[in-house]
Structure formats: structure tokens, C-alpha cells
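# A look at the structure
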Amino acid sequence: RNSDAITAFLDATRLNPYTLEAIEWLSLLGADRSQVLEVIEDSLARKCSDSELKEEPLAPILDIVSAHFLMHRHQTSQALAQFKKLEREFPNNVYLLLKIALLQLQSSDNA
């Protein structure tokens with residue numbers, strides 16, 4: 001069952017490499033992180049010419065993938081640091097602030 005869901009979320013990511021919900025679900029379902037990154041990079045390459053791809057903001061989406069995989073592998077402090085880094089780059093981003101709040105709650109539960 002998870003494999004069907006993973007396939008569907010990968011397909012969604014192929015169509016839109018910035019679909020944060022799919023990325024989060026892929027990390028939650030235990031998808032292969034390198035496969036997710038490959039799908040994102042391939043999708044961006046198909047959507048952009050070489051010159052556009054160089055200017056495409058790929059780094060933030062790769063950092064989001066990393067943060068989600070850390071979060072769902074219970075590496076809370078590393079995930080929190082990654083989301084805070086992203087929030088410094090994109091201040092007042094509601095999505096990032098909500099992830100930071102959730103991780104801070106998890107950190108206080110574990111203390």
C-alpha cells in the first residue's frame with residue numbers, strides 16, 4: 001500500500017517539483033530520499049532550459065526535502081535547525097513557521 005502511495009506522490013512531484021505536501025508525505029512514508037531528489041531535479045530540468053535551471057531556486061526545495069526527511073526520522077534537533085535556516089532565508093513564511101513550531105513542541109515533549 002505504501003508503495004502505491006509513494007508512486008502517486010512521486011508522480012505529483014514530477015508534475016510540480018515544488019509540491020510541499022507530496023514531499024512531506026514521501027518523507028513520512030519512508031520513500032528513498034535520493035529518489036525524491038532525483039525526481040525533483042529531473043522535473044525541473046524538463047521544465048526549464050539550461051539557463052533558466054541555473055537561476056531556478058533549487059537549493060531551497062532540496063533543503064526542504066532534507067528537513068522533512070530529518071523530521072520524519074525523528075532527528076528533531078537537526079530538522080529544527082534546517083527549518084530555522086530556511087526561515088532565515090524566507091522570513092515570515094507561514095509553512096516554515098508552522099514546521100518550526102511543531103518541532104519545538106516535539107523537542108519539549110522529549111525533554
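Residues numbered from 1 in each chain as written. Predicted model: local features only at pLDDT ≥ 70, side-chain atom pairs only at ≥ 80, totals over all residues. Heavy atoms only, no water.

### Here's the deal with the layout of surface pockets
In this model, the largest pocket occupies a volume close to 160 Å³. Considering the residues around the largest pocket, the lining is formed by 10 residues, among which L20, P60, I64, F90 and N93 are closest to the centre. Secondary-structure elements contributing two or more residues to the lining of the largest pocket are α5 (58-72) and α7 (94-110). Ranked by residue count, the leading element in the lining of the largest pocket is α5, at three residues. Considering only residue class, the lining of the largest pocket consists of nine nonpolar, one polar and no charged. (1 Å grid on protein atoms, 1.4 Å probe; cavity = no way out; pocket = protein on both sides within 12 Å on 5 of 7 lines; lining within 4 Å. Points joined across faces, edges and corners; volume = space filled by probe spheres on them. Helix = DSSP H or I, 4+ residues; strand = E, 2+ residues; numbered from the N terminus. Nonpolar A, V, L, I, M, F, W, Y, C, P; charged D, E, K, R; others polar.)

### Quick look at the packing of aromatic side chains
A full pass over the atoms with the stated rule returns one aromatic pair. Note on F9 and W25: the rings are 5.9 Å apart at their centroids and 0° apart in plane angle, and the pair reads as stacked. Highlighted residues: F9 in helix α1 (residues 2-15) and W25 in helix α2 (residues 20-28), separated in sequence by 16 residues. (Phe/Tyr/Trp six-rings, centres within 6.5 Å; stacked < 30°, edge-to-face > 60°.)

### Examining the pattern of salt bridges
Evaluation of the coordinates by the stated rule reveals three salt bridges. The partner of R14 in a salt bridge is D11, with the nearest N and O atoms 2.9 Å apart. Residue R14 and its partner D11 are both found in helix α1; the two are separated by three residues, about one turn of the helix. Residue classification places R14 among the partly exposed residues on the basis of a relative accessible area of 33%. The exposure class assigned to D11 is partly exposed, which follows from its relative accessible area of 39%. (Salt bridge = Lys/Arg side-chain N within 4 Å of Asp/Glu carboxyl O. Buried < 20%, exposed > 50% of the residue type's maximum accessible area, 1.4 Å probe, protein only.)

### What about helix α3 (residues 33-47)?
A rise of 1.5 Å per residue sets the reference length of α3, with its 15 residues, at 21 Å; its end C-alpha atoms lie 21 Å apart and thus fit the reference within 8%. Residues of α3 that are buried include every one of V36, L37, V39, I40, S43 and L44, and no others. What you see down the axis of α3 is that its buried residues fit within an arc of 160°, all on one side. (Expected span 1.5 Å × (residues − 1). Arc of directions from axis to C-beta.)

### Some details on the nonpolar core
The biggest cluster of nonpolar side chains holds 25 residues, and the ones touching the most others in it are V36, I40, V65 and F83. For this core, the secondary-structure elements that each account for two or more residues are α1, α2, α3, α5, α6 (76-89) and α7. Setting aside chain neighbours within four positions, we find F83 in contact with A67, H68, M71, L96, K99, I100 and L103. (Core = buried A, V, L, I, M, F, W, Y, C linked by side-chain atoms within 4.5 Å. Contact = heavy atoms within 4.5 Å.)

### A few points about α2
Among all positions of α2, only A22, I23, E24, L26 and S27 are buried. In the stretch just after α2, G30 is the one whose phi turns positive, near 85°.

None of this, on its own, says anything about what the molecule does.
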